[in-house]
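A closer look at the structure
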Amino acid sequence: GVAKTLGRADLVFLDHCKECYAPDLERMEAAGLVAKGTVVVADNVVFPGAPGYLDKVAAPAYATVLKSAPYEAVGWETRWKEVDDAMSISTRL
């Protein structure tokens, strides 16, 4: 499999289709790429949000902290106002 060839990832950064974060993380876990000690950083987990992702990286499987940051764009999506967002930093336990 992929993990036998590449080994466990030290760091994974998610900043793509927000609805894909949780299922993609599950695929990486199943492939052995995300395992004990892997750090997973995900952008935009509050706005626009990543359905199911924060539940996936909750205890007891992960130690997760949220780092507040404004959403990176102001426009029609935010109704022309600055919007609170966050990045999650999770370590697989």
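Here, every reference points to the structure presented above.
Residues numbered from 1 in each chain as written. Predicted model: local features only at pLDDT ≥ 70, side-chain atom pairs only at ≥ 80, totals over all residues. Heavy atoms only, no water.

Topic: the overall build of the chain
A count of helices and strands for the chain gives 4 helices and 4 strands. Secondary structure elements of the chain, listed N to C terminal, follow the sequence α-β-α-β-α-α-β-β. The principal-axis extents of the C-alpha atoms in the chain amount to approximately 45 × 25 × 20 Å. The proportion of buried residues among the 93 residues of the chain is 35%. (Helix = DSSP H or I, 4+ residues; strand = E, 2+ residues; numbered from the N terminus. Buried < 20%, exposed > 50% of the residue type's maximum accessible area, 1.4 Å probe, protein only.)

A few points about the environment of G32
Mapped onto the secondary structure, G32 falls in the loop between α2 (21-30) and β2 (39-42). Once the C-alpha coordinates of G32 and A50 are considered, the two residues, 18 residues apart in sequence, prove to be 22 Å apart.

Some points on α2
For α2, the complete set of buried residues consists of Y21, A22, L25, M28 and E29. The buried residues of α2 occupy an angular sector of 125 degrees when the element is viewed end-on, so they sit on one face. In α2, the exposed positions that point more than 90 degrees away from the buried face belong to R27 and A30. In the core, the buried residues of α2 are packed alongside β1 (11-14), β2, α3 (45-49), α4 (53-56), β3 (62-70) and β4 (84-92). Backbone geometry just after α2 places G32 at a positive phi near 85 degrees. (Arc of directions from axis to C-beta. Contact = heavy atoms within 4.5 Å.)

A word on the pattern of salt bridges
Where charged atoms from two side chains of opposite charge approach closely, those side chains can pair. In total, this model carries 5 salt bridges according to the counting rule given. The salt bridge partner of R8 is D10, with a shortest N-O separation of 3.3 Å. Taking the relative accessible area as the measure of exposure, R8 reaches 37% and is therefore partly exposed. For D10, a relative accessible area of 57% gives the class exposed. Between K18 and D15 there is a salt bridge, with the nearest N and O atoms lying 3.0 Å from each other. Since its relative accessible area comes to 39%, D15 is described here as partly exposed. What emerges from the salt-bridge pattern is a single network uniting E29, K56 and R92. (Salt bridge = Lys/Arg side-chain N within 4 Å of Asp/Glu carboxyl O.)

Things to note about the sheet that holds β4
Spatially, β1-β2-β4-β3 is the arrangement adopted by the 4 strands of the open sheet, whose pairing is mixed. Here the strands that pair on one side only, and so sit at the sheet edges, are β1 and β3. Direction aside, neighbouring strands of the sheet carry axes that sit 15 degrees apart on average. The pairing of β3 with β4 spans 9 bridges and is antiparallel. Residue pairing for β4: A69 is matched across the bridge by D85. α2 contacts β1, β2, β3 and β4 of the sheet and is inclined by roughly 160 degrees relative to β1. (Pairing = 2+ DSSP bridges. Axes fitted to C-alpha atoms, helices over the stretch in contact; angles between N-to-C directions.)

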